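Each chain is listed here by its residues.
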Amino acid sequence: MKRSIIFLIAIFSALMSAETYDWMNYPMHSYIAGRGGAFLMERSIGNCLYNPSVTALLKGSGASFSSGLLAFGRTYFHLNGCYRLQKNVSLLGGFTYGSIGGFTETNAFGDKLGDFSVQRMMFFGGFSYRFGRAPVTGGFLFKYFTEDNYTMQGYGYGLKLVLSAFLRSFSIGVFADNIVQAVFWDDAEESYPFVFGLSAEKAIGKKLRLAAVVQSDPAFELNYRFGADYAFTEKFSAGIGSNGLNITAGVSFFIKDVKVHYSAQIERGFSGFSNFVSFDLNIGGTR
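Residues numbered from 1 in each chain as written. Predicted model: local features only at pLDDT ≥ 70, side-chain atom pairs only at ≥ 80, totals over all residues. Heavy atoms only, no water.

Could you give an account of the pattern of salt bridges, naming the residues involved and the relevant values?
Within this structure, the stated rule accounts for 6 salt bridges. The closest approach of N and O atoms between R35 and D229, which form a salt bridge, is 2.6 Å. Taken together, the residues R35 in the loop between α2 (30-33) and β1 (61-70) and D229 in strand β11 (residues 222-233) connect sequence positions 194 residues apart. D229 matches R35 in its accessibility class, with the two residues each being buried. Between D177 and K143 there is a salt bridge, with its nearest N and O atoms 2.8 Å apart. Linking D177 in strand β7 (residues 170-184) with K143 in strand β5 (residues 136-149), this pair joins segments that are 34 residues apart in sequence. (Salt bridge = Lys/Arg side-chain N within 4 Å of Asp/Glu carboxyl O. Helix = DSSP H or I, 4+ residues; strand = E, 2+ residues; numbered from the N terminus. Buried < 20%, exposed > 50% of the residue type's maximum accessible area, 1.4 Å probe, protein only.)

With reference to specific residues and values, describe the environment of R35.
For R35, a relative accessible area of 0% corresponds to the buried category. Distance from R35 to L210, taken between C-alpha atoms, is 9.4 Å for residues 175 residues apart in sequence. In terms of polar contacts, R35 uses its side chain to reach the backbone carbonyl oxygen of Y31, at 3.2 Å. (Polar contact = N/O pair within 3.5 Å; in protein donor to acceptor, adjacent residues only side chain to side chain.)

Got a sec to walk through the environment of A38? Specific residues and values, please.
Turning to its location among the elements, A38 is positioned in the loop between α2 and β1. Judged by its relative accessible area of 1%, A38 falls in the buried class. C-alpha of A38 to C-alpha of L210: the two residues are 172 residues apart in sequence and 8.7 Å apart in space. Once residues lying within four places of it in the same chain are set aside, the contact partners of A38 are I32, A211, A212, V213, R225, F226 and G227. (Contact = heavy atoms within 4.5 Å.)

Limitation: the analysis is restricted to geometry and does not speak to function.
Here is the structure:
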């Protein structure tokens, strides 16, 4: 036990040097957020948006709700569900709302012109598939979103593909996001950068798990995420991590089919404090 705690502290200290990809790109599910956004291989109903392929390992169906009060005037609501269609196929979908506000626009003379805010809604749906009895799964996700950016309004779409392999104590996955994605404004068209990456998770004994994600865009601007989770009992676990220069920590409680997660994030340079909470209902567990 003492060695495990010392190891966690060492990992936590090393993560402080990681760089960030986008300070506004935060994970919404509390379990993942509290562990540095790194546990993309977590076999959880709340992981639908990040790694849809994990839902192919769920025996049953379920739903997940997340919300949070974040630094810099950000708020969000996230709801997703998964339905096991047949033995190796699951359907999934969800809705996300996010906003950032609290800013005031002024002219050169300091006169207030209005409040500045950005709102975004996203609907997503897809499926996951397990390749026979092999511990390999694939996931497909279609995203449609609208944006209200102060005086501008737009909409867009995109695709996400994930392939994952789950071994005894080690899991690894590859993903590609923002595939054929476009955003349409009133008089312009643009796109978010295509991103791709690698995620991995390693179990050390029965209580400690470590996870990491490396993500990049075509210009090789990298984002590193790291996290650790320690199961104190079968119904309680805690974790730490780093998402860029943000420091994260979280706890999880398991009550029969319901999982409750809370996490906190200290923004880079101790410039703010964010809170996340999630509730998962997963009937059937994992395979």
